[in-house]
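# Structure assessment
So the chains spell out like this:
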Number of protein chains: 2
Amino acid sequence: MSFLQKKTKKTFKKISSSLLIAPLQITKDTPEMGVNSNRVEDYSSHESTMIRISTELAASQPPFEIHSVCLPPKKTTLQKLKHRLSEIFFPDDPLHRFKNQRWCQKLVLALQFFFPIFHWGPDYNLKLFRSDIISGLTIASLAIPQGISYAKLANLPPIIGLYSSFVPPLIYSVLGSSRHLAVGPVSIASLVMGSMLGEAVSYSQDPTLYLQLAFTATFFAGLFQASLGLLRLGFIIDFLSKATLIGFMAGAAVIVSLQQLKGFLGIVHFTGKMQMIPVLSSVFNHKEEWSWQTVVMGFGFLVFLLITRHISMRKPKLFWVSAAAPLTSVILSTLFVFCIKSKAHGISVIGHLPKGLNPPSSNMLYFNGPFLMVALKTGIVTGILSLTEGIAVGRTFASLKNYQVDGNKEMMAIGLMNMAGSCTSCFVTTGSFSRSAVNYNAGAKSAVSNIVMASAVLVTLLFLMPLFHYTPNFILAAIIITAVIGLIDYQSALQLWKVDKLDFLACMCSFFGVLFISVPLGLAIAVGVSVFKILLHVTRPNTLVLGNIAGTPIYQSLNRYREASRVSSFLILAVEAPIYFANSTYLLERILRWIREEEEWIKANNGNTLKCIILDMTAVTAIDTSGIDMVRELRKILEKRSLQLVLANPVGSVVEKLHQSKVLESFGLNGLYLTVEEAVADISSTWKAQP
Amino acid sequence: MSFLQKKTKKTFKKISSSLLIAPLQITKDTPEMGVNSNRVEDYSSHESTMIRISTELAASQPPFEIHSVCLPPKKTTLQKLKHRLSEIFFPDDPLHRFKNQRWCQKLVLALQFFFPIFHWGPDYNLKLFRSDIISGLTIASLAIPQGISYAKLANLPPIIGLYSSFVPPLIYSVLGSSRHLAVGPVSIASLVMGSMLGEAVSYSQDPTLYLQLAFTATFFAGLFQASLGLLRLGFIIDFLSKATLIGFMAGAAVIVSLQQLKGFLGIVHFTGKMQMIPVLSSVFNHKEEWSWQTVVMGFGFLVFLLITRHISMRKPKLFWVSAAAPLTSVILSTLFVFCIKSKAHGISVIGHLPKGLNPPSSNMLYFNGPFLMVALKTGIVTGILSLTEGIAVGRTFASLKNYQVDGNKEMMAIGLMNMAGSCTSCFVTTGSFSRSAVNYNAGAKSAVSNIVMASAVLVTLLFLMPLFHYTPNFILAAIIITAVIGLIDYQSALQLWKVDKLDFLACMCSFFGVLFISVPLGLAIAVGVSVFKILLHVTRPNTLVLGNIAGTPIYQSLNRYREASRVSSFLILAVEAPIYFANSTYLLERILRWIREEEEWIKANNGNTLKCIILDMTAVTAIDTSGIDMVRELRKILEKRSLQLVLANPVGSVVEKLHQSKVLESFGLNGLYLTVEEAVADISSTWKAQP
């Protein structure tokens with residue numbers, strides 16, 4: 001808008017006020033002020049008047065410009081919708097690479113887009129391969145025992161754990177965009193699958209059905225993850241806030257550890273339940289089953305593992321200590337049990353494991369029958385959980401090495417990997433925190449480390465299975481406990497308490513929910529709390545009284561800035577939230593209360609009578625029809641009490657809606673300003689101008 | 001904060017920059033800048049330097065002050081909690097009247113607070129009484145036929161409708177704070193009760209049980225309403241946004257009208273269902289049952305009623321035309337049917353109604369048994385609906401006559417009224433739109449008009465019941481249709497479409513939900529949509545690039561204000577939402593994209609290289625731990641790309657949290673500014689100062 005126009009608008013206003021034209025007579029055109037400027041000419045002749053007035057004002061205050069509030073550029077509903085949708089689904093503008101490229105170039109880019117391996121493959125060299133081999137073998141030594149353990153955690157035969165460490169990593173290495181993710185079964189997803197399926201079917205009673213459900217759940221998990229990625233609904237997992245996850249993981253870790261008491265104390269008749277109380281009671285009701293040899297050796301190895309873990313945490317350079325420990329302890333314990341097998345009957349061992357590669361399992365998928373819903377539910381919950389873990393891990397290491405991972409692409413990769421897994425006797429897999437950390441420290445450079453790991457698992461599956469026959473269950477228990485103990489992050493919880501009480505509440509809800517109610521319900525409660533928090537903020541927004549910082553155009557909260565001071569006969573209120581149906585009633589009441597209190601204050605300190613209320617709308621980032629009604633209502637009420645209502649700096653969408661709903665017209669020219677300062681300056685000047 | 005301090009802070013900053021002290025060395029104290037000012041003295045000796053520097057800058061730009069960002073005044077967790085709770089539950093500060101009053105005064109006030117009748121009673125006089133009598137009798141003439149009709153709508157015996165127009169109004173007149181609310185049964189609540197109870201029990205098969213459930217539901221509705229008021233959870237009903245209600249009421253009106261086809265066509269075998277399709281199909285499957293006499297007379301009276309309604313809408317002065325019409329048509333039709341009763345067998349009539357007052361029904365409340373949940377659910381849904389209507393009506397007329405109704409008090413009044421009603425053979429009642437409007441137009445001055453109405457009903461109950469024996473059902477149908485037709489507000493729906501598409505969506509969802517699925521489900525869907533809208537706004541907030549309006553301290557959106565222009569080597573972004581777990585990932589991606597696009601733009605127009613990103617935090621009204629991590633993360637990423645990140649004007653709670661979480665320290669002195677302008681000025685000056 002030209003300087004001229006500014007001036008002339010000012011002129012126009014001065015005149016209208018000096019000629020005492022009631023605003024309402026001229027308001028019909030007001031809203032257009034922003035958009036078209038042809039009305040400007042009508043008044044430009046009054047330029048001279050303007051000068052006169054502003055000079056006559058000059059004595060009292062420096063002359064000033066008034067900037068009119070613009071409407072945002074006009075857009076059709078379709079354009080708006082298009083913009084909105086692109087913001088919702090393509091915030092990262094994934095196609096920007098493709099802009100103005102030749103078609104063959106585009107083809108290559110597309111290939112790289114869908115198969116990241118084509119992106120880094122060409123530049124791959126022997127040097128990178130060397131470090132990938134090292135890291136690959138390291139995580140393999142971790143993945144094999146953990147795979148077996150986590151399978152048992154999901155009540156599945158140990159071999160499934162190894163199968164799951166073979167196919168999925170291979171697929172991920174082709175589709176995945178993270179360089180450090182070490183793919184395989186993870187504790188939490190395994191636990192959840194075990195608990196949710198266990199409630200419906202017990203493995204001991206009907207192993208085939210249980211296996212069917214496990215694979216089906218895995219399939220659904222994959223399908224869910226892939227479709228989230230495909231439909232670009234990735235933000236759904238954002239609703240598992242960090243606070244929630246801290247609580248959830250701690251709770252899960254406790255539950256997992258409790259489950260290990262079975263293998264750890266050598267209890268035979270153990271509860272199928274997951275919650276804290278039944279588990280503990282069943283532990284102490286079967287004291288007679290505790291076998292002291294198991295306990296002693298178990299604790300021995302647990303201490304050993306914890307020490308190695310501690311060392312590696314202290315000196316990241318010594319990552320290999322904790323990385324090698326599990327396999328070492330498996331070998332040692334297996335040898336030991338093998339030697340004393342004649343006399344050690346109390347010690348339960350894994351037993352026979354079949355040699356050979358993943359058998360196909362697509363024929364075992366279970367798509368109709370009474371348990372379909374169970375499989376579906378389990379699939380979705382484990383899907384969300386594994387996705388969250390995978391994405392989080394990917395992002396963490398990406399930000400450490402300063403490269404980007406595309407959330408939605410990751411989801412598709414993990415999803416497809418699980419769908420393929422479900423057809424090759426694998427259960428839910430994703431990128432695991434612990435193994436990825438080891439992978440990173442071991443200097444992994446690309447997804448090739450996953451291929452190396454897979455090959456190591458392949459060799460194991462083909463030739464080394466018999467060696468695990470005498471591996472005792474307590475060692476698996478010890479390995480699991482060492483793995484999950486790191487999930488209990490009490491420091492972060494403490495930090496939450498310090499910084500944000502409501503986040504801490506969400507955290508505690510998920511922790512105790514998981515511990516005492518059930519894993520999915522605990523999660524649901526926590527998500528509910530997080531959402532409730534958002535709603536609460538909207539339902540009861542903050543309102544501030546602003547004051548001017550002397551000698552500046554700055555207006556700030558009175559009770560926060562000691563140098564800010566009231567502007568006499570003005571009440572300047574800032575509303576710190578969008579105005580919605582959920583808070584419009586509250587805001588109306590609150591604002592009226594502010595006015596009441598201000599008037600009481602004025603009476604007490606006999607200051608100038610209140611004449612004008614300025615609403616600073618800067619932070620009102622959106623408004624809906626209820627909000628608009630509220631503004632209209634407020635204006636009516638204040639008019640009855642002969643108080644002027646003025647809006648300062650409303651954001652684009654808000655002005656637009658106020659305009660469309662014809663509320664602006666009722667405000668008239670002196671009802672809308674770009675800044676609080678201009679509002680105060682202009683209005684007080686009009687007061688002066690009037691007799 | 002003193003002017004001195006401002007200057008000296010500036011000095012301090014100049015020095016630190018000119019002596020090239022890395023910010024991090026001095027940041028440890030930064031956050032305190034706002035709160036304690038003892039550190040100021042340490043640097044005040046440098047005053048002279050300050051002058052030198054600012055004069056040396058004067059050539060390039062006018063000297064300027066930098067205001068440090070304050071922390072909000074320190075508060076303990078308990079104080080914060082107290083403040084927060086009082087904001088949530090006592091936004092209107094209901095006890096402010098009681099402040100500094102003598103105890104006897106307080107007692108009176110308390111009495112007036114709980115029983116508004118003591119508030120207006122003393123000033124009540126004969127003049128007011130006269131107008132109340134007129135209005136009271138007018139609404140009575142409307143209430144009697146409507147009461148009978150709505151009772152039939154809820155599948156209850158007609159007499160219950162009259163009972164419900166007797167006791168509740170009396171109680172409300174003592175407890176209620178609205179002067180124009182006309183209390184009694186209302187169409188929507190009656191419909192919902194009929195439909196929800198009808199699904200469980202049919203009146204025709206087990207009338208006693210059905211009555212029991214109806215009274216119990218009424219009791220629960222009252223209990224729910226009263227406790228909402230008592231716990232000051234009134235904001236829960238705010239979640240039924242206006243948009244939702246428009247759609248819901250229209251849907252309900254259609255359903256109600258369809259239900260009337262039974263009485264209207266004289267169909268005997270009518271479906272018990274409520275949805276559109278089953279009703280229509282049952283209408284056309286029983287063509288043989290249609291009785292032409294009923295149809296003819298029914299339509300005759302319907303046209304008559306609609307015409308009177310139209311007249312009164314055109315000329316509010318003629319309100320009595322539509323007010324008197326129902327009773328008139330009842331009398332006329334009754335007489336007519338009475339005269340031709342010998343030959344008119346096709347016409348169904350109300351039949352015998354017992355004389356006498358409300359029998360006590362507390363013994364019929366049903367607190368254990370298979371149907372308890374049905375009663376509870378019905379109670380809560382009807383409770384919410386009737387509450388919403390009552391409060392809305394109360395507020396509307398209060399704002400017309402410019403007095404306040406206290407939402408929470410109204411809830412308690414309506415709740416207690418329903419609880420009392422449930423013990424005196426009444427079903428759910430509240431303030432009705434139509435009757436209150438008539439009451440208002442008839443010049444009601446106080447709740448006494450309700451007492452007058454109740455007395456009129458009393459007389460009817462005691463002496464006039466036999467007269468209704470031959471009242472035909474089609475007239476009740478006609479009355480109901482005339483009453484509900486006004487609920488279809490297509491203009492508002494159109495306005496919604498014009499102003500806010502998402503609100504329109506919510507409106508449509510509730511409309512079609514009610515029409516085709518079921519009343520409570522339709523409502524639930526609509527509320528879901530409204531809440532989803534809030535979440536969507538938070539999950540995908542707006543981000544704007546700001547530019548400076550030449551010659552002013554104003555920074556505004558570049559694509560909205562043509563006169564705003566980029567500040568070279570700065571990128572100024574405004575985030576228009578609180579930063580939460582739900583949007584932190586999105587915002588990070590989006591901001592990085594803005595930076596990428598800016599750099600591309602610069603490359604294209606070979607402008608100055610981008611050096612500094614300013615985040616205008618004015619509209620970031622809250623932040624949680626995930627948000628804090630996002631800021632930290634963003635800073636890290638930008639640092640790696642040697643870009644400076646600066647925050648401008650963060651609100652109190654945000655600064656506080658950033659401070660508590662030690663993020664501010666990493667920003668250092670030059671990382672936090674009160675306004676964008678000061679940030680730009682100061683940073684560019686430091687660039688100049690540096691070699």
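An unreviewed UniProt entry lists chain A under the name STAS domain-containing protein, from Xanthoceras sorbifolium. The annotation that UniProt attaches to chain A under Subcellular location (unreviewed entry) is "Membrane".

Below, the discussion takes up the state of the cysteines. The final tally for this structure, using the stated rule, is zero disulfides over all chains. Its sulfur unpaired, C507 of chain A is 9.2 Å from the next cysteine sulfur, which belongs to C509 of chain A.

Looking now at a nonpolar patch on the surface. Residues and elements named next belong to chain A. On the surface, I277, F512, F516, I517, L521 and I525 cluster together to form a nonpolar patch covering roughly 530 Å² of accessible area. Among the elements of the structure, α25 (501-517) and α26 (519-539) are those that each provide at least two residues to the nonpolar patch. Broken down by element, the residue count for the nonpolar patch peaks at three residues, all from α25.

Quick look at a positive patch on the surface now. Among the surface-exposed residues, K127, R130, R179, K401 and K445 of chain A lie close enough to one another that they form a single positively charged patch. Residue position: K127 of chain A is located in helix α9 (residues 126-153).

Let's shift gears to unusual backbone geometry. All names here are of chain A. Look at S569: it is not a glycine, yet its phi comes out positive at around 60°. Among the secondary structure elements, S569 is positioned in the loop between β5 (564-565) and β6 (570-575). Of note, the phi angle at K662 is positive, near 65°, even though the residue is not glycine. By secondary structure assignment, the location of K662 is in the loop between α29 (652-660) and α30 (663-667).

As a further point, take the pairing of strand β8 (residues 644-648) of chain A. All names here are of chain A. Judged by how many residues are buried, β8 sits mostly within the fold: four of five residues are covered. In the sheet, strand β7 (residues 612-616) pairs with β8 via five bridges, with the strands oriented parallel. In the sheet register, I614 faces β8, and the bridge partner there is V646. Between the parallel elements β7 and β8, the chain passes through helix α28 (residues 625-640) in a crossover that is right-handed. Pairing of β8 with strand β9 (residues 672-673), which is carried by two bridges, proceeds in the parallel orientation. If you follow A648 over to β9, its bridge partner there is Y673.

Moving on, we come to the nonpolar core. Formed by 91 residues in total, the largest nonpolar core has its most connected members in I595 and L615 of chain A together with I595, I613 and L615 of chain B. Discounting residues that sit within four places of it in the chain, L615 of chain A has contacts with L573, V575, I591, L634, L645, V646, L647 and A648 of chain A.

Parameters and conventions
Residues numbered from 1 in each chain as written. Chains lettered and ligands numbered in written order. Predicted model: local features only at pLDDT ≥ 70, side-chain atom pairs only at ≥ 80, totals over all residues. Heavy atoms only, no water. UniProt positions renumbered as here; feature names shortened; annotations may be inferred. Disulfide = S-S within 2.5 Å. Patch = residues over 30% accessible without salt bridge, like charges linked within 9 Å, V, L, I, M, F, W, Y side chains within 5 Å. Areas by Shrake-Rupley, 256 points an atom, 1.4 Å probe, with all protein chains shown as cover. Salt bridge = Lys/Arg side-chain N within 4 Å of Asp/Glu carboxyl O. Helix = DSSP H or I, 4+ residues; strand = E, 2+ residues; numbered from the N terminus. Lys, Arg positive; Asp, Glu negative; His and termini not counted. Charge placed at Lys NZ, Arg CZ, Asp CG, Glu CD. Buried < 20%, exposed > 50% of the residue type's maximum accessible area, 1.4 Å probe, protein only. Pairing = 2+ DSSP bridges. Right-handed = clockwise from strand over helix to strand, strands pointing away. Core = buried A, V, L, I, M, F, W, Y, C linked by side-chain atoms within 4.5 Å. Contact = heavy atoms within 4.5 Å.

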